[in-house]
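# Structure at a glance
The primary structure of each chain is shown beneath.
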Amino acid sequence: MSFPFGRFALPALIAALALPTAAARADTFCVGAPLGCHGVASATLQDALDDAAALPGADRVELDGSAPVSGFTIVAGNVVELVGVGEPTIYADDAAPVTIDEPQATIRGVDIYTRGSGVPAPVQLRRGTIAGSYIVNGTTGTAVRVVDGALRTTRVVYFGLDAGAVGVLADGGTATLEDTSVESTTGILADGATLTLNRVRVKAGIILTPVPEGGSALRVTGGSTVIADDSAFALAGTPADAAIDVRATTGATAVTLRSVTVHPQPFDDLPAISQGVRAACSGGTANVEVLDTVVTAYATDLVSAGAGCVVDRQHAAYATAEASDGAMLDAGSFLFDLPVPGRTWVETTPTFGSVLIDHSSGRPARNGEADLNGLPRVVDGWRDIGAYEYQHRAPEFALEGGTEAVVDTDQTFVARGQDPDRDPVTIAWTVDGAPAVVNDPNSPGLLQPRFTSLGRHVVCVKVTDSSGLGSRFEQTVEVVPKPVSETPAGRNPPASPAVTATLLSRRLGSGSLRVRVACRRAVACAGMVRLTAKLGRRSMRLGRAARFRVGANRTAVVRVPLTTAARRTLRHHRGLTVRVTVLRTSGWPWVAGVGGRVLP
């Protein structure tokens, strides 16, 4: 299989994350003009972070890609979730790194472009979480330094010009990597750390210079403790290198590999191949446990070297060029043919009937155990050898788009995701059950319909791969009339409208505001009342429009419910001037009412 990590399909992946959050969210801040952001407008990202730090609760900052953003720091005590909308780019370097120092802080959905020497690392994850993001570039040094933090559903690409380039450094604390891809000269370096790896792909080796220099997919030093489950480690190196390289120079080092695939391969045209797992002890001790693991090397697979080093192999499988699939060596290990031999990056996905399926050691299952493809690891009491299942998988997509649209205005819906098997996909759209044609055939995942009638409409997208497996998503859209600013030029509301509306509430109080509606004609009046407020240069809707029906020549009080974001904004600004608009009255699409200032 090809390496299945392209740029991440953030909405599809992030929905499954269990990210740390506080009990209550205080405010939302919008930097740039992120689509669908309902909160306080902030001029810069630093302004938003400073405002969030000054407020209680778990705040949220939404950032779009309208302007370049440099490195920043989320300080201890600032419980904030920074969310990228549309994959904004953040530039991090030696002078302005991206630093997180709060355990409950999260960054997700951004591209971090690293620059400089990589000393110190341009991304400093002292505490907290980075999720669903893309960290790229680099020449030397380290891309990401993790002390007490976590990387989840993130891709790190940091191939350098020499052996000093490290994708992720776990440095002295307790670090976690989950559902993450790392590509670098040395993929992951654990130095005096406690490191947990779950469903991690690492592709390592020097590929930009004519002479390889000592890369590793996973290097363990400084008395670290590393547990890797359901992960894959690939290395293009020389016989002096090892895909997993354990160097015990001080203290006690412990490494556990469970349901892992290790794949060393030749570098360029060199005939030799690097080692699979190597433990070398000089001044310290090391215990390496290899359980239910596949090593696809053609040379020395597992090496225990130096006094004090122990490599314990339990139910491991080794690939050789000569052995046939299923030739058992003993009760705990066997040989098999590499499915795709040669000098290519290989992720060994066993086919139906392979001895790599349901031949594990029978160790107790962990809760919710899944393989590198996200499929159940344990079936009928057995688990597969290595990191992969063999089942074909459906495309993983999500539908993005608003739930409210303005009549006769182009709207945007995006089908974003990927096929986990990298199969080509077909994307088909419908609107209210009828086939819809995309504007650009080169962008089949983008639909921009124009709704010409009010009311509810349904947008549907179906994504199907070449095997016929598919995913289907629907989005219900409420189409509303155009606001006042969008009425045709030269047309004004009638001088004596049939309906008048006056804002009664002057304080926030409950979750709604009261509006008095008067019908000034001989028959009943029906329509909707909408409340808006001016925030800088933009107008913010305070909630959904409230429907009313008032008898002829009568008045009634209508309660207009406010959204959570609107209530937070009113409190944050210590009051706002609220506008009242009446929609869908007879003879005219809108009528301006009498508003006023509302205090918290």
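A brief structural summary. (Residues numbered from 1 in each chain as written. Predicted model: local features only at pLDDT ≥ 70, side-chain atom pairs only at ≥ 80, totals over all residues. Heavy atoms only, no water.)

## Focus on the pairing of strand β13 (residues 155–158)
Every second residue of β13 is oriented toward a common face, with Arg-155 and Val-157 on one face and Val-156 and Tyr-158 on the other, all of them buried. Bridge count between strand β11 (residues 134–136) and β13: three bridges; the pairing is parallel. If you follow Val-136 over to β13, its bridge partner there is Val-157. When β13 meets strand β15 (residues 174–184), the two strands line up parallel, connected through four bridges. The partner of Val-157 across the bridge, within β15, is Glu-183. (Buried < 20%, exposed > 50% of the residue type's maximum accessible area, 1.4 Å probe, protein only. Helix = DSSP H or I, 4+ residues; strand = E, 2+ residues; numbered from the N terminus. Pairing = 2+ DSSP bridges.)

## Observations regarding the packing of aromatic side chains
Aromatic ring pairs are described here by two measures, namely the spacing of the ring centres and the angle between the planes. What the rule picks out here adds up to one aromatic pair. Arranged with centres 5.8 Å apart and planes meeting at 65°, the rings of Tyr-91 and Tyr-113 form a pair that is edge-to-face. Here Tyr-91 is found in strand β7 (residues 89–92), whereas its partner Tyr-113 is found in strand β9 (residues 111–114), with 22 residues between them in sequence. (Phe/Tyr/Trp six-rings, centres within 6.5 Å; stacked < 30°, edge-to-face > 60°.)

## Some points on the sheet that holds strand β39 (residues 455–465)
Within a beta sheet, neighbouring strands are joined by backbone hydrogen bonds and run either parallel or antiparallel to one another. Within the open sheet, the five strands sit side by side as β34-β40-β39-β36-β37. Their pairing is mixed. Looking along the sheet, the strands with just one partner apiece sit at the ends: β34 (404–406) and β37 (434–436). With direction set aside, neighbouring strand axes in the sheet form an average angle of 35°. Relative to strand β40 (residues 470–480), β34 runs parallel, the two being bridged by three bridges. Within β40, the position partnered with Ala-405 by the bridge is Val-479. (Axes fitted to C-alpha atoms, helices over the stretch in contact; angles between N-to-C directions.)

## Observations regarding the pattern of salt bridges
Counting across every chain of the model gives 18 salt bridges. The partner of Arg-60 in a salt bridge is Glu-81, with the nearest N and O atoms 3.3 Å apart. Of this pair, Arg-60 sits in strand β3 (residues 59–63) while Glu-81 is found in strand β6 (residues 80–84), placing the two residues 21 residues apart along the sequence. The two residues Arg-60 and Glu-81 agree in class, both being buried. Put simply, Arg-247 and Asp-245 hold a salt bridge, and the shortest N to O gap is 3.0 Å. Exposure remark for Arg-247: the relative accessible area of 35% places this residue in the partly exposed category. Through salt bridges with shared partners, a single network forms among Arg-60, Glu-62, Glu-81 and Arg-108. (Salt bridge = Lys/Arg side-chain N within 4 Å of Asp/Glu carboxyl O.)

## A closer look at helix α3 (residues 564–572)
For α3, the full list of buried residues reads Ala-565, Ala-566, Arg-568, Thr-569 and Leu-570. Positive phi shows up at Arg-574, right after α3, with a value of about 55°.

## Quick look at the environment of Thr-154
On the secondary structure map, Thr-154 appears in the loop between β12 (142–152) and β13. Classification of Thr-154 by relative accessible area gives buried; the value is 0%. Taking the C-alpha atoms as reference, Thr-154 lies 8.4 Å from Glu-178; in sequence the two are 24 residues apart. Engagement of the side chain of Thr-154 in a polar contact is seen with the backbone nitrogen of Gly-132, the distance being 3.4 Å. Here the side chain of Thr-154 touches Arg-152 through a polar contact of 2.9 Å, landing on its backbone oxygen. (Polar contact = N/O pair within 3.5 Å; in protein donor to acceptor, adjacent residues only side chain to side chain.)

## Considering the pairing of strand β18 (residues 218–221)
Burial along β18 is two-sided: the face carrying Leu-218 and Val-220 and the face carrying Arg-219 and Thr-221 are both buried. In this structure, strand β16 (residues 186–191) lies alongside β18, joined through four bridges in parallel fashion. By the bridge assignment for β18, Ala-190 is matched with Val-220. In this structure, β18 lies alongside strand β21 (residues 242–248), joined through three bridges in parallel fashion.

## Concerning unusual backbone geometry
Notably, Asp-292 is not glycine yet its phi reads approximately 55°, a positive angle. By secondary structure assignment, the location of Asp-292 is in the loop between β25 (285–291) and β26 (294–295). The backbone of Asn-553 shows a phi angle near 55°, a positive value even though the residue is not glycine. Inspection of the secondary structure puts Asn-553 in the loop between β45 (546–550) and β46 (555–561). Judged by relative accessible area, which is 56%, Asn-553 ranks as exposed.

## Brief notes about the state of the cysteines
By definition, a disulfide is the covalent link that joins the sulfur atoms of two cysteine residues. Summed over the entire model, instances satisfying the criterion amount to three disulfides. The side chain of Cys-281 participates in a disulfide bridge whose partner is Cys-309; the two sulfur atoms lie 1.8 Å from each other. Because the sign of the S-S torsion sets the handedness, a value of about 105° for the bond joining Cys-281 and Cys-309 places this disulfide among the right-handed ones. Placement of the pair is Cys-281 in strand β24 (residues 275–281) and Cys-309 in strand β28 (residues 309–314), with a sequence separation of 28 residues. Comparing Cys-281 with Cys-309, the two get one shared label, buried. Between the sulfur of Cys-519 and that of Cys-525 lies a disulfide, 2.1 Å long from S to S. Taking the torsion about the S-S bond as the criterion, the Cys-519 to Cys-525 disulfide, at about 65°, is right-handed. Cys-525 sits in the buried class, given a relative accessible area of 2%. Taken in N- to C-terminal order, the disulfide-linked cysteines of the chain are connected 1-2, 3-4, 5-6. (Disulfide = S-S within 2.5 Å.)

Everything listed here is a matter of geometry and, on its own, says nothing about what the molecule does.
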